[in-house]
Each structure stands twice: as structure tokens, then as C-alpha cells.
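Here are the chains, one letter per residue:
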Amino acid sequence: MRVARKNLFHLLEPLLSEVEHPARYLDHEWGAIHEQDGPFHLCMVYADVYEVGQPNLGVSILYNNVNAEEGMSCERCYLPWKDMAALMRERGVPLLSLEGAAPLASFDAIGFTLAHEFIATNVLETLDLAGIALTSAERDEDDPIILAGGPSAWNCEPLAPVFDAVLLGDGEQSIVEVCACIRDAREEGAPRREILRRLARVPGTYVPSLYDVVVDDSSTRWGYAVARSCEDTPQIVFKRCVNDFASTPAVAQRIVPYMGIVQDRFSLEVLRGCARGCRFCQAGMTYRPVRERPAEQVVSCGVEGLLTSGHNEISLTSLSTTDHSQCAEILRDMNAELEGRGIRVSIPSQRLDSFGVEMAAAVAGGKRGGLTFAPEAGSQRLRDVINKNVSEEDFERAARNAFEAGWRRMKLYFMMGLPTETDEDVIGIARMAERALEIGREVVGKGVKSGVSVSISVAVLVPKAHTPFQWVGQLDPEEVRRRQQLLLHEIRDRAIRISYHDADVSLVEGALSKMGRPGFDLVQRAWELGCSFDAWTSEFRFDLWQRAAAELGLDLVDVACESFPLAARLPWDHTSPGVDKGYLQREWLRALDEVTTPDCTRTSCTGCGVCPTLGVHNVIQGVRS
Amino acid sequence: MSRTQVQPVKARPQDLPVKADLARLRVAYRKDSRLAYLGHLDLIATIERCVRRAGLPFSIGNGFARRMRIQFSSALPVGASSACEYFDLRLDESVDPDEALGALRGATPRALEPFRATYVPGRLPALEAWLDRASWEIELVGCGATAAELLDAVELVRGRGTLTYLRGEKEKRVDVTSTLVSLAVEEEEGGLHVNLETRSSNAGALRPQVLLSAALGEIGCELPAATRIRRCAQRHEEDGRLVEPFGPFGKTGETSVS
């Protein structure tokens, strides 16, 4: 018997005065949908605290779409922070949704957003707090159907035993189809196993329990998934793709939070997909093709979204907003519309090669805080290896434009541990930072009062599924630390600040990105030992992850740093974003030859295979130059 | 060498409006039900968004950050509700206060509903410092002490003059002699009902739960988990008289100190 659906806020309320940030648990925000009559009930879960999960655009889009359907309701749930979780366990309060304060276990379906690999232990923590069995195999007939989707679903095998179904690609339409499928099957009284079979027939839906993992000579040690021959399931599940992106509502964020959240602004997705082809970038491969919204839609919906939400900042989001063929026009028109209202227009990060004078003037209105660029590698050779098609000239021009337009602080993102990286490339990072500082001082002046500073942030490459680097082993953490020290010693100017990603954190992320279905044992053991909120620096417990791995006879360095043969069948080959594996192999070989591949939105097709495989195409509103 | 200086606004400084000359709309609102748990900074952000949604012609400061010109009454403790919170909003142009109130009500969550809006003199001091008297009602549900015991304990705390307490990890001090105006306790079913009158100044403000925790501590009791605190009035104290938030502000309209 499923847990009864009822409002249990009275159980939570007495705990509010005993926890940090009680505003996390309040609900009733402006724009939240309070009528949650169902009769079909979905709860979307972002398994982190409210202020981290609430800005997620994907959850907002699915929330709106499901609630717009007759007879379907969608609520939200975030993972309570540790203080609240402990109190809830102590007082026997189950995890509740926000809108209806109903037990999670009472819902027809629960949808997890997999924003990154480190959310894995939090998924288990969520299910445990909700009193729902951790694995699909252990669930009873009436239990909610546990769904997942999002950017990290591209190697969801370490969590595959948890999920009843995984939605691949754009979820706008498929979430509604999946909910309808569950609703209809329930109405017919279909048993749980039959519901899962039917879900596997909804395009873009991967049902892990209908696939067996086989380890043989053609695979890595993690094996590959094979559809059971007796089941009507596809051997490869291709992602869903909304080709007519402009026809989807541009204003997705309707809920205005009470508390400060990590991206406390109105976000509007101006385009989806990126075809630049950076070889380390999972999103660049999995969100193809490129689909732009028209400028007039962005401007009118942006203004509407600001007026109805009351935000004082709008962020034009996408994987690469300055690549929008009408970006300058959008910024110009939006700034004109919003003049005098104290509203700031921002863009998450800028590409070096498209940050022109006009762009510099239009971004951020009168306010000049910091500006972020991502050269990713310190030498032209290595930028060619990773296909980051920006040159020294692009870098110098962008830096000069930025300082001349009034910026004083520049942040540069780099990666360490890229394939073929040498000490010279690492030292190149220091030289680029120095060059940016030099340009700033040339433009603004040399004194301390000029306020010119450069910060560099150096991440560790974590090779991801469905990228040309998916076969590459991660750099050994000891070597990461040596290269970090090398860079640190090369930086002599105090106006350059440097920050690193922790090598141990990257190592665990690398292991979770590489492992197949057996990775679940590691995630479960780590969670049992006390790991949760692993994406929080303050909460990450490397010792517990190491202990969990050791208990399972695994060595994290060995797992993360292992290279796979180019011909091997990979643990994630049965899920596909439409990009051909042959294309990824070619791209890997071109990387080794230091040969770049152009952007198909600016030249001709480069043969990634997405368009013919999915029956879609790039939608560019103007002309990209 | 080229250098571009960016002005936050296009107008010359001498052409910008003087803040005190701008229309100053005082709005009273309540804060209750679950929004009692909204912290002060989150409350400020929420009200600012309500003002924007209401479409009022709010004025923006000339500083780097281009902030809305709005001031709030003093912060409520998280978890305390209120029947009488206030904000002062500077407008670039005067709008009918009833229309402004209507627009605000249509753009504000019910638990923060505004119920009165009136223009007040532009040169009155800032709200937070000006409203220096507060009346509180506290329900101590499940409190083990009697009314007489609590009154005696409060007198003991007042007698010591200064009260030291921890706020997070910081040690704070408050002068009870000057900040505690009066206290009345009634016994009712299931606990105690307290009416408390406090005064705030630059030296500090007395939080009801700080006073009651210290007093109950004197008699070996703890502040009950189910304590409900409500601010029921805020006023300005001037020359021994109390001025209501919406005035009248002249000598003739002042009410006498009770």
C-alpha cells in the first residue's frame, strides 16, 4: 500500500526554529503552483538544498509543463540540510514535498535531476529520508516510479539500479509522455514490471532493469549493457530533442524564492546546444544541435519575466550566449527596454573570440564587476588539442576590450591534466595571466589604485562519457599536485590570484564518471559510511570514499586514471545523444594530431551524426560570423 | 594609453534628485504564518521584488550598485511574527497612496500583506532608528514556571544591569535597565502569556527570547520550544511621549507615554 497523500506541514513546522535557514522549507513562494489536485502527482527532486536546487532551469521547465497538463500535478522537493535531516529522522518525520507538504512516498512518480556526478549519494539520502527503497528491484508494486534525467544522465550506470527509468535529452515533451504512460498503466491495473516495459517504449526512455551488464573481451572491466532479448526494448536508447526550441515558452522561471539562492536572478535560456566542439565538453556533445530563440522573443519574454518576477537582474543563459547570431541586437534592445529601471543584464561567461567592443559596452549596463573568460589551456598547441578555437590574438583583443570598457577584475578558467599536456603548457597558464595583467595595466594604469587584478581558476580534466576524451585516463592526483605547485611557483605577481580544484575531489568525480553499473556499490557504501553533499567542499569526505572503495577491493586512482582502448565497448554505449561513436573516435585522433575541427554553425557539417540520427538540424536566427 | 571612465548614471551629479525631496511612502505590512521564519535580509529582497512587481515608480540610488531607495523597520527575530512592520519607499513621482497600496497588495504574498500606505515627511530620520519602541506578545506554551516566578526572575536579570548572551558564536551584551520598559505576565491554560515593552537605541535592542531565556534560566527552566513571539506595535519615543508610525508628527498629535 502506498503511503497516504496528506499535508504534514504541522510535523515540520516545530522543527523550523531549530534549524539553520528555515526559509529553505517554507514554500508558498510567489509563482509557486498551489493547486495540486492531480489526480496524477509527480514530484521533481533536486537532491541538494533549496538555494542550490531552486535556480535549476530544467526543474522549472518540467514543473511548468506537467502542471499545465489536465489531471497532472507537479511539486518540488529539495534535500534538507543535515541539521534538518537529523531532526526529521529523530522525530520520525518523512521527507515532504514543498507545495502540498505531502510525503514523497505518496507520489505516483518522483523525478530526480542529475546535475552532476556528486549528487549520487544525495539521491540515496533523499530516498532514505522519504522511506522509499533504494533500488528499483526492492520496490513494491505501489511504490512511486523513480525517474531521473539531466546532464549527468549520460553515464547514469553507477545509479542505474536506483532508477526505474531515465529520460535522456530534452525533457519538455518526454516527461509528460512518461507521466501519461505511468498514469494510464496504473489505471489499467498493470503490474509494476509491465509499467516499466511500457516506459521503455516511450522514445528517449532508458529502463535499466531491462538491460543486463555483460563483461567480455570487447568491453572494459565495467562491461556494457545488453537489452534482454525477451523484452521489447531498443539496444540503443537515443535522446529526445525539441527541434522547434523557439516554440517552447521562454519564461520558465515563474517561482520567485524568498531566500537568497545561488543564482538569484531571472534566467532566460536564449539558445540550446553548442557546436564549437571542445573535445572535453560533455554538454557540447550531448545538447546538439544548436537552436536559437529569435531576438524579439528573447527581448519581449525577458522584459515580461522581469516584470512578473520582480528580479533586478536577468541572465541570458546557454552554453555559449555570445555565440547567438543576434546577441548584440538582443543586448542592445534589452538594455534600451530596461533603461532607468535599475536592472542588470548579464551573460554567464564570455567567449574570447566573440567579445567585441559592442558586446563589452552592452553587458552589465553601468556596473562593471568581474568578467570571466575560459581559455582552458595555456598554449596554442594544447588549445588545438582540445579544439578550443581561440587564438592569442583573440585573447589579447578581448582583454583589451574588457579593460577599456571599464572592467578591472578578470577571471580566467583553465584546466589541468588535458591529454598531451606538458610542463610548458602549465607554465603557459602563468604567462597568459601575466599578459592579461600587463594589458590591464597598460590600459588602466599601474598603481595599486587602478584595481586591476586577474584571478585564475584551474580545474582538473575529468574525462566524461560521450566526448572525444571518454577513453582517456584522468591525471594521477600526485601529478596534479606537482603541476599545481609548478604553476604556483611560476606566478610572481601578487595581483594574480590562483585557485585550484582539489585533486581528491576530482579523483572521485573521475571514478564516478568512468564506472559502469558496479559503481552503485561504491556510491551506496560511501553513503552508508556517511557521505552526502559531496559537492560541498566542507562536506566532502575523501577518507570515507577511499574506505568505501577499499572495502569493495577498488582503488580510486586505478579506476579514474585507467584509459580505455579505442575499440572497447563502453558502459554507456547503450544510451546515445545522437553523436556517432565513430565521430568521437575521429575527434580523439585529430586531437592527438593537434588538428582542430570547425564549428558547423559557421562552416559546413562536420559529421557528428546528430542531425541525421535524430532528424533534427541547427536553427540559427541570423548569420554567425 | 586610453582610459574609459564609466558613470553609473548618465546625468551629471548636480542634476540628480536630492533624496529628502523625493516622495516618501510609508507602508505598513504584517509578517505571519510560516513567513515568520523568513530572515531579515531575505525579507528585504522579497519586499523589493514585490515593489518591482507592483510597478511603482520607485527611485534608485546613485551608487555603484543602483539599489532601490527603501528603508525597513528593525529586524524581527527569525520565527517571530508581526502585526506591524514598516518600510519607507522613495518614489520618483507621487502616486495615489491607495492605488499604490492596491498595487502592492496584488504583488505581495498574503503572509506579508501590506495594509496601510501614506506619505510621510521626507526628512524624518531613518525608520530603523526612529522606531525605537516595540510591544511584544509572547506565548510560552508548556512553560514550567508560574507568572510570579517569571516576574521575579526578570527583576533579578534587570537588577544585574547588563545581560550577556551568545548569538551564534559571538558574545553580545545588552543593557536591560534602559531597554526593558515593562513586562506583564498572565497565566493561561498550558503556559504563560507575556506582554513586553522594549526600547532600542544605538547601544542595542532587547530581544524577547534573550530576556526570557535568561530569566527562565535563573529559575532552572528553559525557554519552551513552542514559544510564539509576536511584535504587535512599533512607535517612536520623543521627549517622553510616543509617536505613532504614521504620525501625526507635530507636538499636537503625540500620544502620552503609557
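Residues numbered from 1 in each chain as written. Chains lettered and ligands numbered in written order. Predicted model: local features only at pLDDT ≥ 70, side-chain atom pairs only at ≥ 80, totals over all residues.

What to know about the overall build of chain A
Per the secondary structure count, chain A includes 21 helices and 19 strands. Computed over its C-alpha atoms, the radius of gyration of chain A comes to 24 Å, within 12% of the 25 Å expected for a compact globule of 625 residues. C-alpha atoms of chain A, sized along the principal axes, occupy 70 × 60 × 50 Å. Across the 625 residues that make up chain A, the buried fraction comes to 53%. Summarising the internal contacts of chain A: among those between residues at least 6 apart in sequence, 77% fall at separations of at least 24. (Helix = DSSP H or I, 4+ residues; strand = E, 2+ residues; numbered from the N terminus. Rg over C-alpha atoms; globule rule 2.2 N^0.38 Å. Buried ≥ 20, exposed ≤ 12 C-beta atoms within 10 Å, placed from the backbone. Contact = placed C-beta atoms within 7 Å.)

Some thoughts on the overall build of chain B
When its secondary structure is counted, chain B shows six helices and 12 strands. Burial statistics for chain B: of 258 residues in total, 34% are counted as buried. Here the analysis covers contacts within chain B between residues at least 6 apart in sequence; of these, 72% occur between residues at least 24 apart.

Here we look at the sheet that holds strand E2 (residues 72–78) of chain A
Residue and element names in this part refer to chain A. Taking strand neighbours across the sheet as the criterion, the six strands line up as E2-E1-E3-E4-E5-E6 in an open arrangement whose pairing is mixed. Edge positions in the open sheet fall to E2 and strand E6 (205–206), since each of these has one partner strand only. As paired strands, strand E1 (residues 40–46) and E2 are joined by seven bridges and run parallel to one another. In the sheet register, Val45 faces E2, and the bridge partner there is Cys77. Along the sheet, helix H3 (residues 57–67) makes contact with E1, E2 and strand E3 (109–113), crossing E2 at roughly 155 degrees. (Pairing = 2+ DSSP bridges. Axes fitted to C-alpha atoms, helices over the stretch in contact; angles between N-to-C directions.)

A short note on the environment of Val214 of chain A
Residues and elements named next belong to chain A. Its location among the elements puts Val214 in strand E7 (residues 211–214). A C-alpha to C-alpha distance of 43 Å links Val214 and Ser267, two positions 53 residues apart in sequence. Setting aside anything within four residues of it in sequence, one finds Val214 in contact with Ser219, Gly223, Tyr224 and Val226.

Some details on the environment of Met415 of chain A
Residues and elements named next belong to chain A. Residue position: Met415 is located in strand E16 (residues 409–416). With 180 residues separating them in the primary sequence, Met415 and Gln235 have C-alpha atoms 35 Å apart. What Met415 contacts, discounting residues up to four positions off in sequence, is Phe280, Glu376, Ala377, Ala459 and Leu461.

As for helix H2 (residues 97–106) of chain B
Residue and element names in this part refer to chain B. Along H2, the residues classified as buried are Ala100, Leu101, Ala103 and Leu104. In an axial view of H2, the angular spread of the buried residues amounts to 165 degrees, which keeps them on one side of the axis. Looking at H2, the residues exposed on the side facing more than 90 degrees away from the buried face are Asp98, Glu99 and Gly106. Close packing links the buried residues of H2 with strand E1 (23–31), helix H1 (40–54) and strand E4 (114–119). (Arc of directions from axis to C-beta.)

Description of the sheet that holds strand E15 (residues 370–376) of chain A
All names here are of chain A. One open sheet holds the four strands; their spatial order is E15-E16-E17-E18, and the pairing between them is parallel. At either margin of the open sheet sits one strand with a lone partner, and together these are E15 and strand E18 (496–500). Taking the axes of each pair of neighbouring strands and ignoring which way they run, one obtains an average angle of 20 degrees across the sheet. As paired elements, E16 and strand E17 (residues 453–460) share eight bridges and run parallel to each other. Bridge pairing links Lys411 to Ser455 in E17. Lying over the sheet, helix H14 (residues 423–444) contacts E15, E16, E17 and E18, oriented at roughly 170 degrees with respect to E16. Each of E16, E17 and E18 is contacted by helix H15 (residues 477–490), which is oriented at about 175 degrees to E18, the strand it contacts most.

Some words on the packing of H3 of chain A against helix H6 (residues 174–187) of chain A
All names here are of chain A. Where H3 contacts H6, the two axes come as close as 9 Å, and the packing angle between them is 50 degrees. Our classification of the angle between H3 and H6 gives oblique. As for how H3 packs across H6, the hand of that crossing is right-handed. Taken together, the residues of H6 that come into contact with H3 (itself represented by Leu62, Asn65 and Val66) are Ile175, Val176 and Cys179. Grouping the amino acids of the contact of H3 with H6 by side-chain chemistry returns five nonpolar, one polar and no charged. (Parallel < 35°, antiparallel > 145°, perpendicular 65-115°, else oblique. Left-handed = near helix turned anticlockwise from the far one by under 90°. Nonpolar A, V, L, I, M, F, W, Y, C, P; charged D, E, K, R; others polar.)

Some thoughts on the packing of H6 of chain A against helix H7 (residues 192–200) of chain A
Residue and element names in this part refer to chain A. Relative to each other, H6 and H7 sit at 150 degrees, their axes nearing to 10 Å. As the angle between them shows, H6 and H7 are arranged roughly antiparallel. Seen along the crossing, H6 lies across H7 with a hand that is right-handed. Residues Val178, Cys181, Ile182 and Ala185 of H6 pack against Glu194, Ile195, Arg198 and Leu199 of H7. The class makeup of the residues in the contact of H6 with H7 is six nonpolar, no polar and two charged.

Focus on the environment of Arg123 of chain B
Residues and elements named next belong to chain B. Mapping Arg123 onto the fold places it in the loop between E4 and helix H3 (127–130). You can call Arg123 exposed: it has 9 C-beta atoms within 10 Å. A C-alpha to C-alpha distance of 8.0 Å links Arg123 and Asp21, two positions 102 residues apart in sequence.

Considering the nonpolar core
All names here are of chain A. Among the nonpolar cores identified, the biggest contains 238 residues, and Leu42, Leu104, Leu147, Phe163 and Ala165 are the most heavily contacted of them. Looking at this core, the element that brings in the most residues is H14, giving nine residues. Discounting residues that sit within four places of it in the chain, Phe163 has contacts with Ser136, Ile146, Leu147, Ala148, Cys156 and Pro208. (Core = buried A, V, L, I, M, F, W, Y, C linked by C-beta atoms within 7 Å.)

Brief notes about the confidence of the model for chain B
Residues and elements named next belong to chain B. Per-residue pLDDT for chain B has a mean of 88; in total, 89% of the residues score no lower than 70. Taken as a whole, residues 1–8 scores under 50 in pLDDT and shows 17 contacts with residues more than four places along the chain or in a different chain. Note on residues 252–258: pLDDT is under 50 here. Beyond four places in sequence and across chains, it has 12 contacts. (pLDDT = per-residue confidence, 0-100.)

Brief notes about the pairing of strand E8 (residues 180–188) of chain B
Residue and element names in this part refer to chain B. Sheet topology note: the E8/strand E9 (residues 191–199) ladder contains eight bridges and is antiparallel. Counterpart to Glu186 in the pairing with E9 is His193. Connecting the antiparallel pair E8 and E9 is a turn made up of two residues, with Gly190 showing a positive phi of about 90 degrees.

A look at unusual backbone geometry
Residues and elements named next belong to chain A. The linkage connecting Gly38 with the following residue, Pro39, adopts the cis geometry, with an omega of 10 degrees. As for its position among the elements, Pro39 is in the loop between helix H1 (9–16) and E1. Positive phi outside glycine occurs at Ala101, with the angle close to 45 degrees. Along the chain, the position of Ala101 falls in the loop between helix H4 (82–91) and E3. Take Ala101: there are 18 C-beta atoms within 10 Å of it, and that puts it in the partly exposed class.

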